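Structural characterization, general
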Amino acid sequence: MNKSIQVKTASSNYELVINQALIKNYNFKWLVEGKQILVIKDSNVPKEFLGDLKTNLSRSNPSKLISIEIKTNERNKSLEGLQPIFEVLNEEKFNRDCVLISLGGGITTDMVGFAAATYLRGVNLIQIPSTLLAQVDAAVGGKTGINFQGAKNNIGAFYQPNLVLIDIDLLSSLGEAEIAEGMAEIIKHSLIANKSLFEELEKKIVNKIASDKESLIQIIYESSLIKSSIVSNDEKELGDRALLNFGHTYGHAFESAMALEGFSHGQAVGLGMVCASHLSLLKGKISKNEFDRIKQVIKLAGLPTKLPKNFNYSDFREAMSRDKKILSNKLRFIVLNSVGRAEISNEIDENLLKESLKI
Ligand SMILES: NC(=O)c1ccc[n+]([C@@H]2O[C@H](COP(=O)([O-])OP(=O)(O)OC[C@H]3O[C@@H](n4cnc5c(N)ncnc54)[C@H](O)[C@@H]3O)[C@@H](O)[C@H]2O)c1
């Protein structure tokens with residue numbers, strides 16, 4: 001049976017549906033019948049998934065059904081990258097009632113979300129995320145956007161979809177490294193909001209959850225539930241949504257200070273969560289045993305738990321002070337209150353920061 005989450009925000013209500021075989025079997029009729037549909041597929045998503053989706057969509061009798069492919073890299077997540085999407089919409093005379101459907105990872109859901117937010121000042125949107133990271137994070141919460149002049153996600157809109165379909169079959173073509181990217185966010189969600197999910201991960205990660213479909217559905221459900229409920233209460237990132245930055249203040253600084261080491265976002269967040277948990281231990285919020293358990297889960301998820309040998313503190317510190325999420329030059333961190341609860345801390349001095357890196 002489908003698992004479902006009702007997302008309620010100030011601007012709209014919609015459903016997140018989680019299961020396997022959704023692209024083949026979900027009944028789109030209520031949203032698609034008689035409408036013009038454009039599916040925008042990430043070029044790395046296997047063609048058979050698009051075939052299955054289109055076969056299913058045509059059963060709901062859309063008035064038009066077109067699909068295009070986009071290349072997904074951070075360079076193409078840009079105004080130029082959006083051009084082919086707007087061109088098709090314009091040339092095919094898509095009207096206000098049309099539906100855009102994304103089929104791809106976070107780059108695709110961010111781009112298609114932004115196209116839907118801006119074409120004719122807003123059209124219908126179905127997000128079908130195809131990476132674990134997009135399923136538990138990027139496609140949940142309504143943040144959409146593109147990169148501009150080297151800055152990440154600096155042009156965008158808060159725009160909620162009509163529907164998010166989380167089909168775990170789409171994950172079958174991902175490699176272990178991409179699964180680990182999503183696991184970083186799932187671990188984060190458990191640490192900030194759900195102790196029993198963390199304990200579940202401790203058991204399941206050892207047994208490779210990706211091969212156990214029922215557990216995977218449950219874990220994705222619990223994880224998206226955490227993100228969507230935080231977002232429902234704080235759609236525009238004014239309060240609790242900041243808790244989702246756990247591990248990210250360190251992570252963003254690792255990412256930019258160690259760009260040349262090829263550190264991915266998920267790896268940087270994994271390492272960032274180890275440091276942020278260490279900070280929580282130093283502040284007396286969690287025990288040494290809890291810290292060790294957190295580190296172990298992050299390690300078993302395939303994420304780094306040690307600083308690289310050539311780590312340079314001044315590069316790291318410089319990158320951290322450029323972080324737009326640090327307010328009024330104060331170091332602002334999310335720390336754990338206990339496993340499963342987080343809080344904002346503004347009282348971190350330089351020595352404590354240095355100490356927290358000794359993991
Ligand atoms: N809007 C938000 O709230 C939010 C949150 C987190 C991240 N993001 C954004 O998401 C992006 C990262 O997302 P991502 O990790 O999904 O990256 P991505 O979209 O680049 O996908 C990762 C890789 O997997 C490929 N891929 C996608 N689905 C596949 C499939 N089923 N089979 C095989 N290959 C597949 C992609 O082509 C890409 O090479 C970043 O741009 C980030 O800024 C947005």
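Everything below is about the structure printed above this text.
This report concerns the structure included in the present document.

**Overview of the overall build of the protein chain**
Counting secondary structure elements, the protein chain contains 14 helices and 11 strands. Computed over its C-alpha atoms, the radius of gyration of the protein chain comes to 20 Å, within 12% of the 21 Å expected for a compact globule of 359 residues. Counting only C-alpha atoms and orienting by the principal axes, one finds that the protein chain spans roughly 65 × 45 × 35 Å. Counting over 359 residues, the protein chain shows a buried share of 53%. The long-range fraction of contacts in the protein chain, counting pairs at least 24 apart against all pairs at least 6 apart in sequence, stands at 76%.

**With respect to the site of the ligand**
Neighbouring the ligand are 23 residues, the closest being Asn-44, Glu-74, Ser-130, Thr-131 and Ser-173. Between an oxygen atom of the ligand and a side-chain N or O atom of Thr-72, the distance comes to 3.0 Å. The separation between an oxygen atom of the ligand and a polar side-chain atom of Lys-152 is 3.2 Å. Out of a free accessible area of 860 Å², the ligand has 83% covered by protein chains. When residues of the shell around the ligand are traced back to their parent elements, those giving at least two are helix H5 (106-118), helix H6 (132-138) and strand E8 (151-158). Counted by class, the shell around the ligand contains seven nonpolar, eight polar and eight charged residues.

**Remarks on the packing of helix H7 (residues 176-193) against helix H11 (residues 265-282)**
Remark: H7 packs on H11, axes separated minimally by 8 Å, with the N-to-C direction vectors making an angle of 30°. Considering the angle they form, H7 stands roughly parallel to H11. Considering how the two elements wind past one another, H7 and H11 form a crossing that is left-handed. Contact with H7, carried on its side by Glu-181, Ala-184, Glu-185, Ile-187, Lys-188 and Leu-191, involves His-265, Gly-266, Gln-267, Val-269 and Met-273 of H11 and no other residues of that element.

**Quick word on the packing of H7 against helix H9 (residues 213-233)**
In contact at an axis separation of 9 Å, H7 and H9 are set at 60° when each is read in the N-to-C sense. If you check the angle between H7 and H9, you find them oblique. Where H7 crosses over H9, the handedness of that crossing is left-handed. Across the interface between the two elements, Ile-186, His-189, Ser-190, Ile-192 and Ala-193 of H7 pack against Ile-219, Ser-223, Ile-226, Lys-227 and Ile-230 of H9. Its residues assigned to classes, the contact of H7 with H9 comprises six nonpolar, three polar and one charged.

**Some points on the pairing of strand E11 (residues 341-345)**
As paired strands, strand E10 (residues 333-338) and E11 are joined by five bridges and run antiparallel to one another. Looking across to E11, one finds that Ser-338 is bridged to Arg-341. Here E10 hands over to E11 after two residues, with Gly-340 in that stretch at a positive phi of 100°.

**As for the sheet that holds strand E3 (residues 36-42)**
Judged by pairing direction, the sheet is mixed, and its seven strands sit side by side in the order E1-E2-E9-E6-E5-E3-E4 without closing on themselves. Only two strands of the sheet have a single neighbouring strand rather than two, namely strand E1 (3-8) and strand E4 (64-70). In this sheet, neighbouring strand axes are inclined to one another by 15° on average, regardless of whether the strands run parallel or antiparallel. With six bridges connecting them, strand E5 (residues 99-104) and strand E6 (residues 124-129) associate as parallel partners. Paired with Ile-101 across the strands is Ile-126, a residue of E6. Seen against the sheet, helix H3 (residues 47-58) touches E3, E4, E5 and E6 and runs at an angle of roughly 165° to E4. Relative to the sheet, H5 contacts E3, E4, E5 and E6, its axis offset from that of E5 by approximately 170°.

**What about H5?**
Helix length check: H5, at 13 residues, gives a terminal C-alpha distance of 18 Å against a target of 18 Å (1.5 Å per residue), a fit within 8%. In terms of residue burial, H5 counts as a mostly covered element, since 12 of its 13 residues are buried. Along H5, the residues classified as buried are Gly-106, Ile-107, Thr-108, Thr-109, Asp-110, Met-111, Val-112, Gly-113, Phe-114, Ala-115, Ala-116 and Ala-117. Following H5 by one or two positions, Leu-120 has its phi on the positive side, about 50°.

Each value, and the rule that gives it
Residues numbered from 1 in each chain as written. Predicted model: local features only at pLDDT ≥ 70, side-chain atom pairs only at ≥ 80, totals over all residues. Heavy atoms only, no water. Helix = DSSP H or I, 4+ residues; strand = E, 2+ residues; numbered from the N terminus. Rg over C-alpha atoms; globule rule 2.2 N^0.38 Å. Buried < 20%, exposed > 50% of the residue type's maximum accessible area, 1.4 Å probe, protein only. Contact = heavy atoms within 4.5 Å. Near = heavy atom within 4 Å. Polar contact = N/O pair within 3.5 Å; in protein donor to acceptor, adjacent residues only side chain to side chain. Areas by Shrake-Rupley, 256 points an atom, 1.4 Å probe, with all protein chains shown as cover. Nonpolar A, V, L, I, M, F, W, Y, C, P; charged D, E, K, R; others polar. Axes fitted to C-alpha atoms, helices over the stretch in contact; angles between N-to-C directions. Parallel < 35°, antiparallel > 145°, perpendicular 65-115°, else oblique. Left-handed = near helix turned anticlockwise from the far one by under 90°. Pairing = 2+ DSSP bridges. Expected span 1.5 Å × (residues − 1).

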